[in-house]
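A look at the structure
In case you want the letters, here they are:
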Amino acid sequence: MRMKRIIFVFWLVFFFYGPSMIGAQDNDVPSIEEAGSVLTPSIQDRERQIIDVLDLKDMDILDVLKLISQKSGLNIVAAETVKGRVTVFLKNIEVLSALQIIIEAYGWVCVKDNDIFKVMTAAEYESKYDRKFGQETQTRIKQLQFAKATEVATILNEIKGKSGKIIADDKSGTVILVDGPQRLDDMEAVLEKIDVPIETQIFDLGYATAEEISDKISEILTPSLGTMKFDERSNKVVITDTAQTLGKIRQIIKAFDERDQQVLIEAKIFQIVLNDEYKMGIDWEAIVSDYHKLDLVSDFDVLGSTEKKGKLSIGTVAADNYTALIEALKTVGVTNILSSPRITAVNNKEAKILVGSTEPYVTTTTTTPSSGPTTTAETVNFIDVGVKLFVTPTIHDDRFITMKIKPEVSSVTRNLTTSNNNTIPVVETSEAETTVIVKDGVSIVIGGLIKEENIKSTRSIPVLGDIPVMGLIFRNISDKATKTEIVVFLTPRIVSGDLPAENLINALSN
């Protein structure tokens, strides 16, 4: 230990007073990067001072840098991550070269900023300057032909490195790029894509709405270059972009701006007053077994676990068995046709059929202000009662149709009188929802929608039956509960919408 101190003291004396600073060399040290201004002659002299002998053994790097800084006059700053001990032996070497050899031997780098030498790790350098130590920086000037310089600079700023620079001048249409070679190549590649002529085209939409299709178009517009405006009144879209992008937009508009197909839904709604043996509803499985072309798609409960429990049955029937099935239904009860509506629904749009009535009822609203008289207002409300059918068709390329069907049967069972003498109808509802797939022209059968009604009838002998008290002898009052099942036949047909009404009726009747 004592010997090390003697050697260290000897080296300091020799470094202070020896002939180690009496020469200069003309060679540069390219691996120490310059980040600031040009050195003054006095600084250059300090860098080129000659060290005759530099003998260091297991000395802390911070002490080494401090020693070189004090005796050469150079300003040296070390990062916190620069740590370790150095062993080196050098002869007849410039101060700057010695500094370079030491930091390179132990994996550090040095950056010269004006007259300050900053020593750091290679990882810190790359993180700070976004390039590897020693990487070349170049400057390229690009003359734009079509794009605006400031708009292009906005895009290129997302690509350049941390130490890169983008200078844009709209007046001359020039962009100056300063960065590493790879970054410059990437920016030039982007310039080739965006510095192209732009065009403006007006698209007149026929079926799609401008607001809806604008969301799809905005996704492919060229960033900072393409623009789009639309007018809801005229349903037009104005787009400015490159010819290549406009070509893609034309394809999108062609795909979405097309006429929707339509489905003509022909419905027949039957009411069957059930016989006593069918009070729980029609046995559809028995009927299906007699017709090989009737397919029972689903069978599930639609009512609660009460006496009125029933099942909704949905199936399909071919056209040649349609009439035979109607005749078979007459064996289970009295069959009446309630309605034969036809409705046309646009593809993927809901259609609604209502066979019934709209029941009105009145509600009363009383308002008591902080001052002044109390006011009472009556509001008339309406509720649909009867057979309701919601159908949403989806047309496929193979002429099959997916039908989302929601049937509903409702009736007023009693009335509720409120404290304000308003009568509110109590509605009993049976409903279900399902989805089936059928071919164009094939009928869908929906059964199991059961409704129970109490029919009160009075029979009397004319005149005698009207006598008070004594007239009871000549009157017969009966209260009978009847059950009816609603059966719905739906036949969807794909229509183009350009067939005249009379021709369409003739086509349906055939």
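Moving on: the pattern of salt bridges. All told, the structure shown has 11 salt bridges when counted by the stated rule. The partner of E433 in a salt bridge is K404, with the nearest N and O atoms 3.6 Å apart. One end of the pair, E433, is in the loop between β21 (423–431) and β22 (434–439); the other, K404, is in strand β20 (residues 400–417), with 29 residues separating them in the sequence. Through salt bridges with shared partners, a single network forms among R140, K142, D185 and E188.

Pairing is antiparallel across the open sheet formed by 3 strands, whose spatial order is β10-β12-β11. Since the sheet does not close on itself, it has two edges, and those belong to β10 (198–204) and β11 (227–231), each with one partner. Averaged over all adjacent pairs, the angle separating strand axes in this sheet is 15°, with direction ignored. Two strands pair when backbone bridges link them, and β10 and strand β12 (residues 236–242) are joined in this way by 7 bridges, in the antiparallel orientation. Residue E199 lies in a different strand from β12, and its bridge partner there is D241. Helix α8 (residues 210–218) rests against β11 and β12 of the sheet, and its axis sits at about 170° to β11. Packed onto the sheet, helix α9 (residues 243–256) meets β10 and β12 and runs at close to 145° relative to β12.

Across the sheet, 3 strands lie side by side as β7-β9-β8; this open sheet has antiparallel pairing. Looking at the sheet topology across the chains shown, the edges are occupied by β7 (138–143) and β8 (165–169). This sheet shows a mean twist of 15° between the axes of neighbouring strands, independent of strand direction. As paired elements, β7 and strand β9 (residues 174–179) share 6 bridges and run antiparallel to each other. By the bridge assignment, R140 is partnered in β9 with L177. With respect to the sheet, helix α6 (residues 149–156) is in contact with β8 and β9, its orientation differing from that of β8 by roughly 165°.

With that out of the way, let us pick up the packing of helix α3 (residues 61–72) against helix α4 (residues 95–105). Axis separation between α3 and α4 bottoms out at 11 Å; the angle between their running directions is 170°. If you check the angle between α3 and α4, you find them roughly antiparallel. Within the contact between the two elements, α3 uses I61, V64, L65, I68 and S72 and α4 uses V95, L99 and I102. In terms of residue class, the contact of α3 with α4 is built from 7 nonpolar, 1 polar and no charged.

Now for the environment of E431. Mapping E431 onto the fold places it in strand β21. Taking the C-alpha atoms as reference points, E431 and K388, separated by 43 residues in sequence, lie 9.1 Å from one another.

Structurally, T392 is set in strand β19 (residues 375–395). Sequence-distant contacts of T392, that is, excluding residues within four places in its chain, are made with N348, K349, E350, T402, M403 and K404.

Across the interface, α8 lies against α9 with an axial gap of 10 Å and an inter-helix angle of 145°. In the packing of α8 onto α9, the handedness of the crossing is right-handed. Between α8, through I213, K216 and I217, and α9, the contact on the second element is made entirely by I249, I252, I253 and F256. Residues that form the contact of α8 with α9 fall into these classes: 6 nonpolar, no polar and 1 charged.

A few words now on unusual backbone geometry. Its identity as a non-glycine residue notwithstanding, N235 has a phi of 55°, on the positive side. With respect to the helices, strands and loops of the structure, N235 is situated in the loop between β11 and β12. One non-glycine residue, R399, adopts positive backbone phi at about 65°. Mapped onto the elements, R399 comes out in the loop between β19 and β20.

Now for the environment of V77. Along the chain, V77 turns up in strand β3 (residues 75–78). Between the C-alpha atoms of V77 and L65, which are 12 residues apart in sequence, the distance is 8.3 Å. Here V77 is in contact with I116, F117, K118 and V119, once residues within four sequence places are set aside.

Inspection of the entire model under this criterion finds 2 aromatic pairs. Taken together, a centroid distance of 5.7 Å and an interplanar angle of 25° make the contact between Y106 and W108 stacked. Centre to centre, the rings of F270 and F489 are 5.6 Å apart; their planes meet at 80°, and the pair counts as edge-to-face. Placement of the pair is F270 in strand β13 (residues 262–274) and F489 in strand β24 (residues 475–495), with a sequence separation of 219 residues. When the ring centre of F256 is taken as origin, the NZ or CZ atom of K216, which lies over that ring, is 4.9 Å away. Stacked on the ring of F390, the Lys or Arg K406 has its end atom at 5.8 Å from the ring centre.

A few words now on the confidence of the model for the protein chain. Of all residues in the protein chain, 70% have pLDDT values of 70 or greater, and the mean over the chain is 75. Counted against residues more than four places away or in other chains, residues 36–41, with its pLDDT under 50, gives 8 contacts. The low-confidence segment residues 297–310 (pLDDT under 50) makes 35 contacts with residues lying over four places distant or belonging to another chain.

For the rest of this paragraph, the subject is α3. The terminal C-alpha atoms of α3, which comprises 12 residues, lie 16 Å apart, in line with the 16 Å expected from a rise of 1.5 Å per residue. At the N-terminal boundary of α3, the capping side chain belongs to D60, with an oxygen 2.9 Å from the backbone nitrogen of L62. Just beyond α3, the residue with positive phi is G73, at close to 85°.

Before going further, it helps to spend a moment on the environment of I446. Within the fold, I446 resides in strand β23 (residues 443–460). Note on I446: relative accessible area 0%, which makes it buried. I446 sits 177 residues away from I269 along the chain, and the two C-alpha atoms are 9.5 Å apart.

Cut-offs used in this document
- Residues numbered from 1 in each chain as written.
- Predicted model: local features only at pLDDT ≥ 70, side-chain atom pairs only at ≥ 80, totals over all residues.
- Heavy atoms only, no water.
- Salt bridge = Lys/Arg side-chain N within 4 Å of Asp/Glu carboxyl O.
- Helix = DSSP H or I, 4+ residues; strand = E, 2+ residues; numbered from the N terminus.
- Pairing = 2+ DSSP bridges.
- Axes fitted to C-alpha atoms, helices over the stretch in contact; angles between N-to-C directions.
- Contact = heavy atoms within 4.5 Å.
- Parallel < 35°, antiparallel > 145°, perpendicular 65-115°, else oblique.
- Nonpolar A, V, L, I, M, F, W, Y, C, P; charged D, E, K, R; others polar.
- Left-handed = near helix turned anticlockwise from the far one by under 90°.
- Phe/Tyr/Trp six-rings, centres within 6.5 Å; stacked < 30°, edge-to-face > 60°.
- Lys NZ or Arg CZ within 6 Å of the ring centre and 35° of its normal.
- pLDDT = per-residue confidence, 0-100.
- Expected span 1.5 Å × (residues − 1).
- Polar contact = N/O pair within 3.5 Å; in protein donor to acceptor, adjacent residues only side chain to side chain.
- Buried < 20%, exposed > 50% of the residue type's maximum accessible area, 1.4 Å probe, protein only.

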